Structure formats: C-alpha cells, structure tokens
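Chains, contacts and geometry: an overview
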Amino acid sequence: MDRAERQSQSETLSAALRLIRTHRRMKTTEIAQAMGMALRSYEHFESGGGRVNLERIHRFAEATDCDAYAILAALALGSPEFALRTADNKLMTILMVALQEFDAEVGDVLGELDARTIINTFTKALKDLALQSVRRDSAANAWLQQRLGKLVAPGNGEDGESSGNPTP
C-alpha cells in the first residue's frame, strides 16, 4: 500500500469514527474511557493517526455499539458514511457470520464456485434488500397517509390563530 492509499484510509477511518461518535452523541473522553485508552491516544486514533489497528476498531465498535466490520468495509469502499449507515443494523457483522457459516458448511467446494454465479447471487440478494427497504418505507408512508385524516386539525381564525374548534 502506497502513501496516498494509507492517507486515504486514514481520512476514511477518521471520518467514520467521528460520524459514529457524533451519531451516538458521545464525547471523546467517554469513548477513550470505554476503550481503556488515554484521551490523547484516542484522539490520535480518531484522527486516523498511525496504521489501521483492528483491535482498536473492535474496541471502538464495542464502546459505541456499532459494527466493527462495517468500519473495515468503509475503508475498502472509501465511504465513511457506510460505517454510519450500518452502525445500528450490523449489516457487515451479519454478513461475516453468514460467510463463516457458509464456509464451514461448504468447505473446499467453495473454491469451485464461479465468479459469475457469485456476482449474480450477491447482486440479486442486494437488490432484494433494497426493494424491502423501499417497500417498508412505502408501507409506512401509506399507513401514515391513511390515518392522517383521522387526526384533529386546528381550525384557523381570522388572525391565523386556532379558533379552538377542532376539525375532524
């Protein structure tokens, strides 16, 4: 890995850690303490200083209840936002567990799978997940729209203030 790639990874790691920490509304002192680190050491880690440290990433994930494997994937993807987007649902940890079980089940036959089959299978699975997300959002919106009319809306008086008469 050349210097530019290391710099890019450091920037991605730093951004991912900050995004997650901010999302969790935690202070650097809280995370440093939870990780058993001196504050300055944690700040150096969060700034992306030094080489990628797997143990620290896992300790950070434990301290912030996020997905360590998503942070690592974010480095490969160059997307700190990926780590944040999957912090709560643990997408990458789930994928790693499923891959571990698949490896144990299939064993050496795994090497016989062709790339086209793997690509098609993962592409279909990810499209299905995206569809589920859209359907869930559509169903939630439909539910809300269906019930909005049942809420009591404030009436408008001449001065724009509520008239006190509820409108069904």
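Look a little higher up for the structure.
Note that this is a predicted model, so its numbers are computed, not measured. (Residues numbered from 1 in each chain as written. Predicted model: local features only at pLDDT ≥ 70, side-chain atom pairs only at ≥ 80, totals over all residues. Heavy atoms only, no water.)

It is worth spelling out the pattern of salt bridges at this point. Applying the stated criterion across every chain yields a total of 6 salt bridges. The salt bridge partner of R21 is E46, with a shortest N-O separation of 2.6 Å. With R21 in helix α1 (residues 3–23) and E46 in helix α3 (residues 39–46), this residue pair connects regions lying 25 residues apart in the sequence. Classification of R21 by relative accessible area gives buried; the value is 15%. Look at E46 and you get buried, because its relative accessible area is 5%. Of the charged contacts, one joins D88 and R24 as a salt bridge, the two residues approaching to 2.7 Å between their closest N and O atoms. A residue pair is termed long-range when its members are at least 10 positions apart, and D88 in the loop between α6 (80–85) and α7 (91–106) and R24 in the loop between α1 and α2 (28–35) qualify at 64 residues. Assessed through its relative accessible area of 51%, D88 is described here as exposed. Exposure remark for R24: the relative accessible area of 21% places this residue in the partly exposed category. One network of salt bridges, in which partners are shared, links R18, R21 and E46. (Salt bridge = Lys/Arg side-chain N within 4 Å of Asp/Glu carboxyl O. Helix = DSSP H or I, 4+ residues; strand = E, 2+ residues; numbered from the N terminus. Buried < 20%, exposed > 50% of the residue type's maximum accessible area, 1.4 Å probe, protein only.)

Those residues of helix α4 (residues 54–64) that sit buried are I57, F60, A61, A63 and T64. Each buried residue of α4 sits inside an arc of 165° when the element is viewed along its axis, so together they form one side. Turned more than 90 degrees away from the buried face of α4 sit E55 and E62, all of them exposed. Buried positions along α4 lie against α1, α2, α3 and α5 (68–77). Between the side-chain oxygen of the N-cap and the backbone nitrogen of E55 there are 3.1 Å, and the N-cap of α4 in question is N53. (Arc of directions from axis to C-beta. Contact = heavy atoms within 4.5 Å. Polar contact = N/O pair within 3.5 Å; in protein donor to acceptor, adjacent residues only side chain to side chain.)

Within the secondary structure, V52 sits in the loop between α3 and α4. Sequence separation between V52 and Q132 is 80 residues, and the spatial gap between their C-alpha atoms is 34 Å. Leaving out residues up to four positions away in the same chain, V52 has contacts with Q9, I57 and L75.

Once that is clear, we can look at the side chain of S10. Considering the arrangement of structural elements, one finds S10 in helix α1. With relative accessibility at 17%, the residue S10 sits in the buried group. Within polar-contact distance, the side chain of S10 engages the backbone oxygen of G48 at 3.0 Å. Beyond its immediate sequence surroundings of up to four residues, S10 is in contact with S47, G48 and G50.

Taken N-terminus to C-terminus, the directions of α5 and α7 make an angle of 100°; their axes are 6 Å apart at the nearest point. Relative to α7, the element α5 is oriented roughly perpendicular. Packed against α5, whose contacting residues are Y69, A70 and A73, the element α7 presents M92, T93 and M96 at the interface. (Axes fitted to C-alpha atoms, helices over the stretch in contact; angles between N-to-C directions. Parallel < 35°, antiparallel > 145°, perpendicular 65-115°, else oblique.)

So, on to unusual backbone geometry. With phi around 55°, R25 is a residue other than glycine that occupies positive phi space. Looking at the secondary structure, you find R25 in the loop between α1 and α2. Located in the positive-phi region is K90, a residue other than glycine, with phi close to 60°. Judged by its relative accessible area of 21%, K90 falls in the partly exposed class.

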